[in-house]
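Take a look at the letters that make up each chain.
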Amino acid sequence: MVKGTVCVTGGGGYQASWLVKLLLSKGYMVHATVRDPDDVKNAHLKTLENAAEYLQLFKAELLDYDGLFAAIKGCVGVFHVASPILQDNVSNPEKEMVEPAVSGTSNVLKACSMANVKRVVVVSSIAAVMYNPNWPKGQPMDESCWSDIEYCHTKTGLKWYYIAKTIAERQALEYGKKTGLEVVTVCPSIIIGPMLQSTMNASSWFIYMMLSDDRKTIENGTRMLVDVRDMAEALLLVYEKPEAEGRYICSSHTVAVQDFVEKLKSMYSNYYHPKQITAGDEDWDLTSEKLLKLGWSYRPLEETIVDSVKDYQEKGILK
Ligand SMILES: NC(=O)c1ccc[n+]([C@@H]2O[C@H](COP(=O)([O-])OP(=O)(O)OC[C@H]3O[C@@H](n4cnc5c(N)ncnc54)[C@H](OP(=O)(O)O)[C@@H]3O)[C@@H](O)[C@H]2O)c1
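Everything numeric in this text was worked out from a predicted model, so none of it was measured.

Student: Describe the overall build of the chain, with residues and values.
Tutor: Assigned secondary structure in the chain consists of twelve helices and twelve strands. Computed over its C-alpha atoms, the radius of gyration of the chain comes to 19 Å, within 12% of the 20 Å expected for a compact globule of 319 residues. Reported as C-alpha extents along the three principal axes, the dimensions of the chain are approximately 55 × 45 × 40 Å. Here the chain, with 319 residues, has 42% of them falling under the buried criterion.

Listed below in C-alpha cells is the structure:
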C-alpha cells in the first residue's frame, strides 16, 4: 500500500539516493528533484527497487521556484537535502555557495506552504553547530549550540559552506515558527559508507584518501562520523515521529584521525596509509542524545568501513 507522496530535493546525491531507496522500500511514492533527469549520474535512481512504479524525477535547480513547486505539489512531506557542498575553490562563494543554499531553502519552504505540505525535514550539518568559540570547553555540543557567523568569517578554506549551512538552517526553523509549517532539521557529521551513485562524492574521500596513494601526510584531530544508511534512517524517523521538533544532531562515532588510520591499517594492511600525521585541532565532541531518545540507533564503525571498502573495490575505485 502506498504510504503517501514525499519529495526529496537533490535526489541523485550521495545521501539523498540512500534516502530515496529507503522511502521506496517503505512504500512511499517519491518525487525526486535532480538538475538533469537524463544525466547518467542519476541513472542509479531508476534501478532502485520499486522505482519503476513509485519514483518520479523532476528537473529543478534550487533557484528555480517553479521547478521546485512542480515537484513538491501533491506531496505531504518534503526532505530538503540538496545543497552546494564543501568546496574551497569557488571564485564567488556568496553566489555559488550561500545563495543556492539560502535562497534555495527559502524557495523549498515557500513551495511547501503553497502546496500545503505538512512536514519538511531539512538537512543541515554540524557545520551549523560546531563553530562557536563561546561553547564551554569539554562539554559536548548539543542542539542549543549554533555556529557563530562572525567567527566563521575568521576561518579560512571552507568557511562559506559553514556560513551557508548556518544561515539556511536558522532561516528554516524561523520560517516554521512564523508560518506553522512543521520544520525539523538534522545536522549530520561527516557522512561515510557505501555509495549508490557511480561517482565519488566529497565525504567519501574521507576513507578513500586514507587507503590510496593520494595523501601521504594527513592532519590529526577529532572527527565525527555517521553512516549514510543510518543518516537516511534518522531522516525518516524525524519525518514519521509526530513528536520530533526543532533540530537534531546526527553523529555516531567520534574518532581521532590517528586512531582511524591505525584501525584502517589493522583491517587493510595491503593498502597505502598516510605516512605522516601532523598536529590537528583540539579535542571536542558533540552529542546525538536527542535523536537517540527519539528512537535512532546506528551500526558499528567497522561495518561502515567494511561496506565502504567493498563498494570502492567493486566500483574499481580502490584496486
Ligand atoms: N556528506 C557529508 O559529509 C555531509 C555532512 C553534513 C551535511 N551534509 C549535507 O547533506 C546533504 C547532501 O550532501 P551529500 O553529501 O549527499 O552531497 P552530494 O552527493 O554532493 O549531494 C548534493 C546534492 O545537492 C545538489 N545540488 C547542489 N547544488 C544544487 C543547486 N544549485 N540546485 C539543485 N541541486 C543542487 C546536487 O546536485 P548535482 O548532483 O546536480 O550537483 C546533489 O544532488 C547536503 O545538504 C550537505 O550539505 C553532508
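Student: Now, about the packing of helix H1 (residues 14-25) against helix H9 (residues 228-240): what can you tell me, with residues and values included?
Tutor: Interaxial distance between H1 and H9 falls to 9 Å at its minimum, and their mutual angle equals 60 degrees. Judged on the interaxial angle alone, H9 and H1 are oblique. Crossing of H1 over H9 shows right-handed handedness. Residues Tyr 14, Gln 15, Trp 18, Leu 19 and Leu 22 of H1 touch H9, and the partners they reach there are Val 228, Arg 229, Met 231, Ala 232, Glu 233, Leu 235 and Leu 236.

Student: Describe the site of the ligand, with residues and values.
Tutor: The environment of the ligand is made up of 22 residues, and the closest members are Gly 10, Gly 13, Ser 83, Ser 125 and Ser 203. Looking at the shell around the ligand, the elements with two or more residues in it are H1 and strand E7 (190-192). Top element by residues in the shell around the ligand is H1. It accounts for three residues. In the shell around the ligand, the residues fall into twelve nonpolar, eight polar and two charged.

Student: Describe unusual backbone geometry, with residues and values.
Tutor: Despite not being glycine, Asn 50 shows a phi value in the positive range, around 75 degrees. For Asn 50, the position within the fold is in the loop between helix H2 (43-46) and helix H3 (51-54). Of note in the backbone geometry, Asn 116 takes a positive phi value of approximately 55 degrees without being a glycine. Looking at the secondary structure, you find Asn 116 in the loop between helix H5 (93-114) and strand E5 (119-123).

Student: An account of the sheet that holds strand E11 (residues 253-256) is requested, with residue identities and associated values reported.
Tutor: Taken in spatial order, the three strands of this open sheet run E7-E9-E11, and their pairing is mixed. Strand pairing shows two members of the sheet lacking a second neighbour, E7 and E11, which therefore form its edges. Averaged over all pairs of adjacent strands, the angle between their axes in this sheet comes to 40 degrees, without regard to strand direction. Where E7 lies against strand E9 (residues 222-227), three bridges are found, and the strand directions are parallel.

Student: Quick rundown of the environment of Ser 204? Include the residues and the values.
Tutor: Looking at the secondary structure, you find Ser 204 in the loop between E7 and helix H8 (205-211). Owing to 23 C-beta atoms within 10 Å, Ser 204 belongs among the buried residues under this scheme. Considered as a pair, Ser 204 and Ile 192 are twelve residues apart in the sequence and their alpha carbons are 5.7 Å apart. Residues in contact with Ser 204, not counting those within four places in the same chain, are Tyr 14, Ile 192 and Met 195.

Student: For the environment of Ala 128, give the residues involved together with the corresponding values.
Tutor: Structurally, Ala 128 can be placed in the loop between E5 and helix H6 (149-153). In this structure Ala 128 comes out as buried when scored by C-beta crowding, with 26 C-beta atoms within 10 Å. Along the chain, Ala 128 and Ser 147 lie 19 residues apart, while their C-alpha atoms are 5.0 Å from each other. Ignoring sequence-local partners within four residues, the contact set of Ala 128 consists of Trp 146, Ser 147, Lys 165, Thr 166, Glu 169 and Cys 187.

Student: Tell me about H9, and name the residues and values.
Tutor: When the terminal C-alpha atoms of H9 are compared, their 19 Å separation across 13 residues agrees well with the 18 Å that a helix rising 1.5 Å per residue should span. Counting buried positions along H9 gives ten out of 13 residues, so the element sits mostly inside the fold. Buried within H9 are the following residues: Val 228, Arg 229, Asp 230, Met 231, Ala 232, Ala 234, Leu 235, Leu 237, Val 238 and Tyr 239.

Student: Which residues make up the nonpolar core, and what values go with them?
Tutor: The biggest cluster of nonpolar side chains holds 91 residues, and the ones touching the most others in it are Val 8, Leu 19, Val 20, Val 30, Val 78, Ala 234 and Leu 235. With residues near it in sequence (within four places) discarded, Ala 234 still touches Val 186, Tyr 248, Cys 250, Leu 291 and Trp 296.

Calculation criteria
- Residues numbered from 1 in each chain as written.
- Predicted model: local features only at pLDDT ≥ 70, side-chain atom pairs only at ≥ 80, totals over all residues.
- Helix = DSSP H or I, 4+ residues; strand = E, 2+ residues; numbered from the N terminus.
- Rg over C-alpha atoms; globule rule 2.2 N^0.38 Å.
- Buried ≥ 20, exposed ≤ 12 C-beta atoms within 10 Å, placed from the backbone.
- Axes fitted to C-alpha atoms, helices over the stretch in contact; angles between N-to-C directions.
- Parallel < 35°, antiparallel > 145°, perpendicular 65-115°, else oblique.
- Left-handed = near helix turned anticlockwise from the far one by under 90°.
- Contact = placed C-beta atoms within 7 Å.
- Near = placed C-beta within 6 Å.
- Nonpolar A, V, L, I, M, F, W, Y, C, P; charged D, E, K, R; others polar.
- Pairing = 2+ DSSP bridges.
- Expected span 1.5 Å × (residues − 1).
- Core = buried A, V, L, I, M, F, W, Y, C linked by C-beta atoms within 7 Å.

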